[in-house]
Amino acid sequence: DDAARGVERVAKIVQDLREFSHVDKPNEQIFNLNSCLKTTLTIVWHELKYKASVKTDYGPIPDITGHPMQLNQVFVNLLVNAAQAIGDKGRITIKTEWAKSQRRIGGKKVKITISDDGSGIPKDKLNRIFDPFYTTKSVKTGTGLGLSISYDIIKAHGGRISVKSESEEGTHFTIILPLE
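Heads up: these notes are all about the structure in this document. (Residues numbered from 1 in each chain as written. Predicted model: local features only at pLDDT ≥ 70, side-chain atom pairs only at ≥ 80, totals over all residues. Heavy atoms only, no water.)

1. Quick word on the side chain of Thr171
Rules: To qualify as a helix, a DSSP run of H or I must reach at least 4 residues; to qualify as a strand, a run of E must reach at least 2; elements of each kind are numbered from the N terminus. Exposure is judged per residue with a 1.4 Å probe applied to protein chains only, and the accessible area is read against the type maximum: over 50% gives exposed, under 20% gives buried, and values in between give partly exposed. By the convention used here, residues are in contact when the closest approach between their heavy atoms is within 4.5 Å.
Note that Thr171 resides in strand 7 (residues 170-178). Assessed through its relative accessible area of 6%, Thr171 is described here as buried. Those residues within four positions of Thr171 in sequence are excluded, and the remaining contacts are Ile114, Ser115, Asp116, Gly120, Ile121, Val163, Lys164 and Ser165.

Shown next, in the form of structure tokens:
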């Protein structure tokens, strides 16, 4: 039974790695954002499982057009950062939904929020977190490129990313992406 479960788990990881990498699909495509997030969670689970419980709330959102492999990289960066910000044990929340105020922000868009209850980011550092090579982590832990790359990927998709954070209160990232 253990061996069978192990084989099933390996098969699931391999399938999710194939889906995550989209090896055969280098161009822009229509894809399901919720599936992207689920696959990314499988890939980074080893970073999260001992540090955080993960709560997901995948809303009924439509497929979007873009580069899923690039967006997977954004989600990896945000989830690993969240795990690193959590002390002994914490919580990460992932939510997808339609973006509110459609007329105000120009068309149909979806919203992804990734939140944690970790150490947070000091207010005086918030305005620099998307700068290349800027990091609040130690030299051994971070390069300062993850959030910069994430920002560029979201912008290239016609979207935007924002952050709210308080020291010792956690961090809340919001991504808004157009359907096309």
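What follows picks up the thread again.
2. Concerning the pattern of salt bridges
Where charged atoms of side chains with opposite charge meet at close range, the side chains can pair. Threshold: By convention in these notes, a salt bridge is any Lys or Arg side-chain nitrogen within 4 Å of a carboxyl oxygen on Asp or Glu.
All told, the structure shown has three salt bridges when counted by the stated rule. As a salt-bridge pair, Lys111 and Glu97 come within 3.7 Å of each other at their nearest N and O atoms. Taken together, the residues Lys111 in strand 5 (residues 109-116) and Glu97 in strand 4 (residues 90-98) connect sequence positions 14 residues apart. For Lys111, a relative accessible area of 22% translates into the label partly exposed. A salt bridge links Glu166 to Lys123; the nearest nitrogen and oxygen atoms lie 3.1 Å apart. Highlighted residues: Glu166 in strand 6 (residues 160-166) and Lys123 in helix 4 (residues 123-126), separated in sequence by 43 residues. Residue class for Lys123 comes out exposed when judged on its relative accessible area of 58%. Several salt bridges converge on common partners, so that one network encompasses Lys95, Glu97 and Lys111.

These figures come from the coordinates and say nothing about function on their own.
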